[in-house]
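Each chain is listed here by its residues.
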Amino acid sequence: MSHSGKKTTEADRSLDPADWGAFRQTAHALLDDCIDYMETLPDRRAWTPVPDAVKARLTGPAPGPGRPLDGVVADFKEMILPHATGNGHPRFFGWVHGTGNPAGMLAELCAATMNSNCGGRDHGAVYVERQVIEWARGIFGFPEGASGILTGGTSSATLLALSAARVGKVGAGLRKAGMEQGPQLVAYASAEAHSANTKALEIMGVGANWLRPVPVDANHALVPERLRAMVQEDLAAGRQPFCAIATVGTVNTAGGDDVNAVADICAEFDLWLHVDGAFGAWARLADDPWRAYTNGIERADSLAFDFHKWMYVQYDVGCVLFRDEAVHRAAFAARPDYLAATTRGVSGGEPWYCDYGLDLSRGFRALKVWFTINHYGTDELGRKVSDNCRQAARLADLVTGDPDLELMTPAGLNICCFRYVGQGGLDDAALDALNAAIVLQVQEEGFAVPSSTRIGGRYAIRVAITNHRTRLSDMDLFRDRVVQVGRELEGRS
Ligand SMILES: Cc1ncc(COP(=O)(O)O)c(C=O)c1O
């Protein structure tokens, strides 16, 4: 007998339910459960650890015989749903986690219903992706005719961008011949740049050593003069500088490089300008002074950013835009006989996204972006981005005004880094340990989820807000709880 209780003759062996009515009931009830979950997120714990008993149940071999869907759904509701990361909660501030949104949830259901393969061909989903790319092109001020593609995130967008940068500066011949000859390629990014850039160069075979870390100033922004000097040094040594990366919204502190200054140096030395705007690019929709972080972004040869962070779209969906579609295609286009295009039929619909990236099979990521932007509009989404910046600034003010706390760097965009110092007398090592304990305690008690980093070598509590449910009052609550936990751990309360 099959999962649906019917005989497994070939004729009956479709995976569709034997009883669509029963399936409908299960599905409707589950949708209600999911909506209930989302509606009550603010009242839940920010994070609930996965109990050992659940971990144990989530092991073992794949089942031979299936079981009724109701049982699978019940397991999901009992074991999995309550143990989400917590990034829908208003006080989830860790790493750079987006919240998702209700419209995006529905879009995921619709995309799964269509089960589109967006590598190519002529069907509705690819036109949605084109519209989303076109929206992004307009928002970020790229020229008409610029191209782009949705990706799993900024990490994969970066790999595509830097691969195309190399083709743009060395030539598409390297796709066949590889990089055996020629001078060593060199790329540049600030010392604060994200490890995704390093990883891309590692995968490309350029090597992490050839991503030069450019020193930063007191605002954690790349120093353009140092970049120029480093390029000149590499040229003098016979190497081939090919790409400079500017970051808008650095991962540690949400600082921003002066993109125009980096663009000028790229123009001077014929370098590809890549902008890592993973979350910070969306400051483009915010009020000033935050919007100004994105000045010059429109001069980039490529721009990588996510919708799943600051556009609050469900994971996963990132994007990369290219100024020059010809270079973009030169880096990735490949159409063997079995993928031949036609001007009619399903194999029409040129251009195909498989010619713009790595993946031939690609899901319908665009739909959740399309639902989100259509439903909320860029005006409202921009207001939310500004709100998050205001909240980070508020937390910085609260920290500055609290003798138990120390602001570790001025709040940039949506990130505030600080530490608990208490009444003084603890050395840096002791403060590092104490602050790490505070972070873990507030996470484990389910009150809030900050993450951590190091600023100038010292442990910092890091609050990054890409959360449409966060309120200014959450900043006050969070400050109060950190101070309270710090005092308890210090034995002062
Ligand atoms: C500045 C920056 N670049 C790149 C990334 C990597 O993005 P993703 O997690 O979408 O791969 C991040 C992630 O936080 C980031 O903050």
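Model, not experiment: these values are computed from the prediction.

What counts and what doesn't
- Residues numbered from 1 in each chain as written.
- Predicted model: local features only at pLDDT ≥ 70, side-chain atom pairs only at ≥ 80, totals over all residues.
- Helix = DSSP H or I, 4+ residues; strand = E, 2+ residues; numbered from the N terminus.
- Rg over C-alpha atoms; globule rule 2.2 N^0.38 Å.
- Buried ≥ 20, exposed ≤ 12 C-beta atoms within 10 Å, placed from the backbone.
- Near = placed C-beta within 6 Å.
- Nonpolar A, V, L, I, M, F, W, Y, C, P; charged D, E, K, R; others polar.
- Pairing = 2+ DSSP bridges.
- Axes fitted to C-alpha atoms, helices over the stretch in contact; angles between N-to-C directions.
- Domains from an automatic or database assignment.
- Contact = placed C-beta atoms within 7 Å.
- Core = buried A, V, L, I, M, F, W, Y, C linked by C-beta atoms within 7 Å.
- Expected span 1.5 Å × (residues − 1).
- Arc of directions from axis to C-beta.

Peer 1: What exactly am I supposed to notice about the overall build of the protein here?
Peer 2: Tallying secondary structure elements over the protein gives 14 helices and 11 strands in all. In terms of overall size, the protein behaves like a compact globule, its C-alpha atoms giving a radius of gyration of 25 Å where 493 residues would be expected to give roughly 23 Å. Its C-alpha atoms put the protein at 70 × 65 × 45 Å along the principal axes. Looking at the protein residue by residue over its 493 residues, the buried ones come to 45%.

Peer 1: What is the right way to look at the site of the ligand in this model?
Peer 2: Contacts to the ligand come from 14 residues, most closely from Gly153, Thr154, Ser155, His194 and Ala278. Taken together, the residues of the shell around the ligand sort by class into five nonpolar, seven polar and two charged.

Peer 1: Explanation requested: the sheet that holds strand E9 (residues 415-420) in the structure shown.
Peer 2: Spatially, the four strands line up as an open sheet ordered E8-E9-E11-E10, and their pairing is antiparallel. Of all strands in the sheet, those with a lone pairing partner are strand E8 (405-412) and strand E10 (451-455), marking the two edges. When the angles between neighbouring strand axes are averaged without regard to direction, this sheet yields 35°. Here E8 pairs with E9 via five bridges, running antiparallel. By the bridge assignment, Thr409 is partnered in E9 with Cys417.

Peer 1: Looking at this structure, I do not really get the domain arrangement of the protein. What am I missing?
Peer 2: Size of an interface: often given as the accessible area lost when the parts come together. In terms of domain boundaries, the protein breaks down into domain 1 (10-84), domain 2 (116-363) and domain 3 (379-490). Taking only C-alpha atoms into account, the centre of domain 1 sits 35 Å from that of domain 3. Contacts between the two partners involve six residues from domain 1 and, on the opposite side, six residues from domain 3. Class assignment for the residues of the side of domain 1 that touches domain 3 results in four nonpolar, one polar and one charged.

Peer 1: Even after reading the chapter, I still don't get the sheet that holds strand E7 (residues 318-322), so can you show me in this structure?
Peer 2: By definition, the strands of a sheet pair up through backbone hydrogen bonds, in either a parallel or an antiparallel sense. Spatially, the seven strands line up as an open sheet ordered E1-E7-E6-E5-E4-E2-E3, and their pairing is mixed. Single-partner strands in this sheet number two, and they are strand E1 (147-151) and strand E3 (211-214). Pairs of neighbouring strands in the sheet enclose a mean axial angle of 20°, with direction left out of account. As defined by bridge partners, strand E4 (residues 240-247) adjoins strand E5 (residues 272-276) across five bridges and the pair is classed as parallel. Across the sheet, the residue bridging to Ile245 is His274, located in E5. With respect to the sheet, helix H5 (residues 124-139) is in contact with E1 and E7, its orientation differing from that of E1 by roughly 115°.

Peer 1: Can you help me understand the nonpolar core in this one?
Peer 2: One broad trend across soluble globular proteins is that nonpolar side chains are buried collectively. Grouped together as the largest cluster of nonpolar side chains are 133 residues, with contacts concentrated most on Ala187, Ala244 and Ala392. A total of 15 residues in this core trace back to one element, the largest contributor, which is helix H12 (residues 366-400). Composition of this core by domain shows at least three residues from each of domain 2 (116-363) and domain 3 (379-490). Dropping the residues within four chain positions of it, Ala392 is found in contact with Ala411, Leu413, Asn414, Ile415, Cys416, Val463 and Ile465.

Peer 1: Before we go on, may I ask you to explain unusual backbone geometry in this structure?
Peer 2: Among all residues save glycine, negative phi is the norm, and among peptide bonds the norm is trans. Residues Tyr315 and Asp316 are joined by a peptide bond in cis, for which omega reads -15°. Within the secondary structure, Asp316 sits in the loop between strand E6 (302-306) and E7. Here the residue pair Glu350 and Pro351 is connected by a cis peptide bond, since its omega of -5° sits within 30 degrees of zero. Along the polypeptide, Pro351 turns up in the loop between helix H11 (325-332) and H12. A positive phi angle, close to 50°, is found at Asn115, a residue other than glycine. Assignment of secondary structure puts Asn115 in the loop between helix H4 (102-114) and H5. Residue Tyr312 is not a glycine yet carries a positive backbone phi of 65°. For Tyr312, the position within the fold is in the loop between E6 and E7.

Peer 1: Help me understand the environment of Phe364 in this model?
Peer 2: As for its position among the elements, Phe364 is in the loop between H11 and H12. Measuring from C-alpha to C-alpha, the distance between Phe364 and Ala107 comes to 9.6 Å, with 257 residues separating the pair along the chain. Aside from chain neighbours lying at most four places away, what touches Phe364 is Ala111, Met114, Ser116, Cys118 and Ala125.

Peer 1: For this particular structure, what's the right way to read the pairing of strand E11 (residues 458-464)?
Peer 2: When a strand is regular, its side chains alternate between the sheet's two faces. Of all seven residues that make up E11, six are buried, and the element is covered over most of its length. Summarising the sheet, E9 and E11 pair through four bridges and their orientation is antiparallel. Counterpart to Ile415 in the pairing with E11 is Ala464. With five bridges joining them, E10 and E11 adopt antiparallel strand pairing. If you follow Thr453 over to E11, its bridge partner there is Ala460. Between E10 and the antiparallel strand that follows it, E11, lie two residues; Gly456 among them carries a positive phi value of about 60°.

Peer 1: Explain helix H9 (residues 224-236) to me, please; I cannot follow it from the model alone.
Peer 2: Because the α-helix completes a turn every 3.6 residues, residues three or four places apart line up on one side. For H9, with 13 residues, the first-to-last C-alpha span of 18 Å sits near the 18 Å given by 1.5 Å per residue. The complete set of buried residues in H9 reads Pro224, Leu227, Val231 and Asp234. Buried residues in H9, looked at end-on, bunch into an arc of 85°, giving them a common side. Structural note: H9 exposes Glu225, Ala229, Gln232 and Ala236 on the side pointing more than 90 degrees away from its buried face.

Peer 1: Even after reading the chapter, I still don't get the pairing of strand E2 (residues 185-190), so can you show me in this structure?
Peer 2: The element E2 is extensively covered by neighbouring structure, given that six of its six residues are classed as buried. Burial along E2 is two-sided: the residues Leu185, Ala187 and Ala189 and Val186, Tyr188 and Ser190 are all buried. Taken together, the five bridges between E2 and E4 define a ladder with parallel strand orientation. Bridging across to E4, Ala189 finds its partner in Ile245.

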